[in-house]
Amino acid sequence: MSALLTIDRLGVRYGARDVLRGLSLEVSRGEIVALMGPSGVGKSTALRAVAALQPFDAGRIVIDGFALAPGPVPPESRLVPLRRRVGLVFQAHALFEHLCVRDNVTLALRHVLGRSGAEADATASQLLETLDVAPRADAWPRQLSGGEAQRVAIARALAPDPHLLLMDEPTAALDPARRSTLGATLRRLCTQGRGLLVATHDGEFARAHADRVVTLEGVA
Amino acid sequence: MIAASFLLICLAAQGGADSSVLVWGGDAEGGAPFVEADAANPSRVRGFDVEIAERIARGLGGGRSARFVQVQWSNIDQSVERGDFAIGLSGVEDTPTRRARHAVTLPYFEFREVLAIRPEDQERIRSLADLRGRRVATLGATIAYDMLLAARDSTGLLPVSYDDDVHPYTDLMSGRVDAVLLDHIIAQRALRRLGGTAFVILAHEVATGHYVGVLARADSVLRDSVDAVLREAMRDGSLEQILRRWNVWDESQGVLFERVLRGGVATQPAGAPVAERVIAYLPSLARAAGVTLAASVLSMALAVIVGLALASTRVYGPTWLRVVATIYVEVVRGTPLLLQLFVIYYGLSGVVRLPAFLAAVLALGLNYAAYEAEIYRGALQAVARAQLEAARTLGFSEMQILRLIRGPQALRYALAPMTNDFVALLKDSALVSVITVVELTKQTAIFATNVGSWVIPGILCAIVYLAMSLPLAQLARRLERRWGGHAA
């Protein structure tokens, strides 16, 4: 089965300092891969490089046939195929604060994918239902609990139906009960041929819910 | 004991000063032949009013000399009542209000209000009646200005008030105004300065008036002594000599002197009661409030548009454009608005002759644009970077991010400070009176001069400003409450 994401000897430097060196991993369809390691080891940097939010200096990243090369981040106009394929859930959720939950989810559907309002609303309702936050559709981001905000952020990232979902420290704000609920949710998400790459320092969560664990060691 | 002797010394010193010096006030900015700084020794003043003050001091006896105090012309009345000097002399006009509010001397000079027009208009304009719909300039708070206000209602001309007597004539030549109504001395001086053919002074005067000295209302005893000195100076020819020396003597002065000495000079009757004059001023106050509001709203609109352009340049633009925008913001914030007004109105007049109101809106708008730009820049940068990145991963273009995510949130951050800025602009708009726009504060100053008191005009003016600014301040607070928590 062909890999959805291939990271091949990825290297990132900040000035003279190596932040990440020689990271290689693959994520296949239907698979949850946990990227582990202590804080500051470059897990988030790797996710950001895959999402083309930051440049990298060495190696290669291929997402569902779309390749990123070392050097500056390409202009957004050239990243359209990548944006369709990859969704990212930020650790701090980064919900749009001026929009209610429903509009957070529908905004990209309407303005990026050109769906009609009704179509976008239907997709959003379904996603929010799946993620158990449907009753909060009209709430403002500041009114949500940490867990709710995270599920809304997942719904927003899933709305354009990306093949690959990246998640940065999804368990950071969750108590143990909610962690296992989240694990079950993630499992449901990757049943439709989707792949998940989850950066976490939570070994228990990774072992319980990931198909594979890739551990990053600090750069010496 | 010591205290008593100190008091005695003080009293003696003050008494000595009082008896040996006549302190008089005038405005050297008014220039020759009234009062001007001596080119050879700028700490001294010269002019016929200076020599008349010296003549009065001598005539009062006791070896008195005259000491000059600089005062802005439009504030002479208020200053003399405050006791800044004993007598004001600086082409001070004999008006009913002045007579009602202060002690006023005999008239010592008769002036003619004359119209100055461009040479090519000679065939068309022969009197105020021919100036319907045209702009006519004069000094604010003068008899001439009151005449123009009266003529506005009867003939439909448009009075334009200035703070100085130089710019009315340069603006006449440049076409900003179509005529100037001022004292013949001022008109002739301007004609000499600008070259004898720059404009034409109509031979037939519009009215005549008199220059007088003005003293505090309580100083009528000193006023009577001054009147006696003036009569003596008319009799002994010394006043005529002074006026001849300054080339302002003509036969009408001889006629005036004769009338004064015969005791037949008709002083201006006292004006209407204050309440009546207040009511008479209400329409022009309302009109001026309209000017203030219009200038503020238009300036703010311009400030918002230019401010948005500057802010987005500083946030999104290439380096060289960012530098240009930064220089603009710093230069505008670092120099006085007053200077910018002068540069736009007078400085640019060689290149483009902007109408006063447009120049006022431009200057205020471009000035406030710099402040708005900083508010917007701060607001744009206050939107969390993670939200912008989240938007990028969802496939939004930069323009869409600005329009759908960054802009709307920045607007909420910016609205309260913007509303506060608008309140500040409303009050700063008072500055545009220096380029002849009669707005609320200027109209109030004219009103105050006219009724001889700041109390009622000041209160009325404050009420109008508050009526405009308080609802805005309220709005700013509401916005802060409503969106402050939202964006946080």
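Before any of the text, the structure's been laid out above.
Student: What should I look at first to understand the overall build of chain A in this one?
Tutor: For chain A, the count of helices and strands is 7 helices and 9 strands. With 220 residues in all, chain A has 54% of them scored as buried. Residue pairs in contact within chain A that sit at least 24 positions apart in sequence constitute 67% of those at least 6 positions apart. Just so you have it, chain A exposes about 9,500 Å², and 49% of that area is on carbon and sulfur atoms.

Student: Before we go on, may I ask you to explain the environment of Phe 90 of chain A in this structure?
Tutor: Structurally, the position occupied by Phe 90 of chain A is in the loop between strand 6 (86–89) and helix 3 (101–111). Spatially, the C-alpha atoms of Phe 90 of chain A and Met 167 of chain A are 6.5 Å apart, while their sequence positions differ by 77 residues. Contact partners of Phe 90 of chain A, with chain neighbours within four places excluded, come to Leu 53 and Asp 168 of chain A together with Ala 386, Glu 389, Ala 390 and Thr 393 of chain B.

Student: Is there a simple way to explain the interface of chain A and chain B in this structure?
Tutor: Interface size is commonly expressed as the accessible surface area that is lost when the partners come together. Contacts between the two partners involve 24 residues from chain A and, on the opposite side, 21 residues from chain B. For the pairing of chain A and chain B, the buried interface totals around 2,100 Å² over both sides, and the portion due to carbon and sulfur atoms is 60%. Per-residue buried area on chain A facing chain B is highest for Phe 96, Glu 97 and His 98 of chain A; these three make up 29% of the total on that side. Counting every contact that joins chain A to chain B gives 2 salt bridges. For the salt bridge of Glu 76 of chain A with Arg 392 of chain B, the shortest nitrogen-to-oxygen distance reads 2.9 Å. Inspection of the chain A/chain B interface yields 8 residue pairs in polar contact (both at pLDDT 80 or more). Put simply, the parts of the chain that give the side of chain A that touches chain B at least two residues each are strand 6, helix 3 and helix 5 (146–158) of chain A. Of all the elements, helix 3 of chain A adds the most residues to the side of chain A that touches chain B, at 3 residues. Looking at side-chain class alone, the side of chain A that touches chain B contains 16 nonpolar, 2 polar and 6 charged residues.

Student: In this structure, what is going on with the sheet that holds strand 9 (residues 212–215) of chain A? I would like to understand it.
Tutor: Residues and elements named next belong to chain A. An order of 6-7-8-3-9 is seen for the 5 strands of this open sheet, with the pairing classed as parallel. Looking at strand neighbours, the two that pair on one side only are strand 6 and strand 9, the edges of this open sheet. Averaged over all adjacent pairs, the angle separating strand axes in this sheet is 20 degrees, with direction ignored. Pairing of strand 3 (residues 32–36) with strand 9 involves 4 bridges; the strand directions are parallel. Residue pairing for strand 9: Ala 34 is matched across the bridge by Val 213. This element, helix 5, spans strand 6 and strand 7 (164–168) of the sheet and lies at about 165 degrees to strand 6. Sheet strands in contact with helix 6 (residues 176–189) are strand 3, strand 7 and strand 8 (195–199), and its direction is about 150 degrees off that of strand 8.

Student: Can you walk me through the sheet that holds strand 1 (residues 3–14) of chain A in this structure?
Tutor: Pairing between the strands of a sheet is mediated by backbone hydrogen bonds and can be parallel or antiparallel. All names here are of chain A. The strand order across the open sheet built from 4 strands is 2-1-4-5, with neighbouring strands paired in antiparallel fashion. Two strands bound the open sheet, and with one partner strand each, they are strand 2 (17–28) and strand 5 (66–68). Sheet twist, expressed as the average angle between the axes of neighbouring strands with direction ignored, equals 15 degrees. Judged from the 3 bridges that link them, strand 4 (residues 58–63) and strand 5 form a sheet pairing that is antiparallel.

What counts and what doesn't
Residues numbered from 1 in each chain as written. Chains lettered and ligands numbered in written order. Predicted model: local features only at pLDDT ≥ 70, side-chain atom pairs only at ≥ 80, totals over all residues. Heavy atoms only, no water. Helix = DSSP H or I, 4+ residues; strand = E, 2+ residues; numbered from the N terminus. Buried < 20%, exposed > 50% of the residue type's maximum accessible area, 1.4 Å probe, protein only. Contact = heavy atoms within 4.5 Å. Areas by Shrake-Rupley, 256 points an atom, 1.4 Å probe, with all protein chains shown as cover. Buried area = accessible area lost by both parts, 1.4 Å probe. Salt bridge = Lys/Arg side-chain N within 4 Å of Asp/Glu carboxyl O. Polar contact = N/O pair within 3.5 Å; in protein donor to acceptor, adjacent residues only side chain to side chain. Nonpolar A, V, L, I, M, F, W, Y, C, P; charged D, E, K, R; others polar. Pairing = 2+ DSSP bridges. Axes fitted to C-alpha atoms, helices over the stretch in contact; angles between N-to-C directions.

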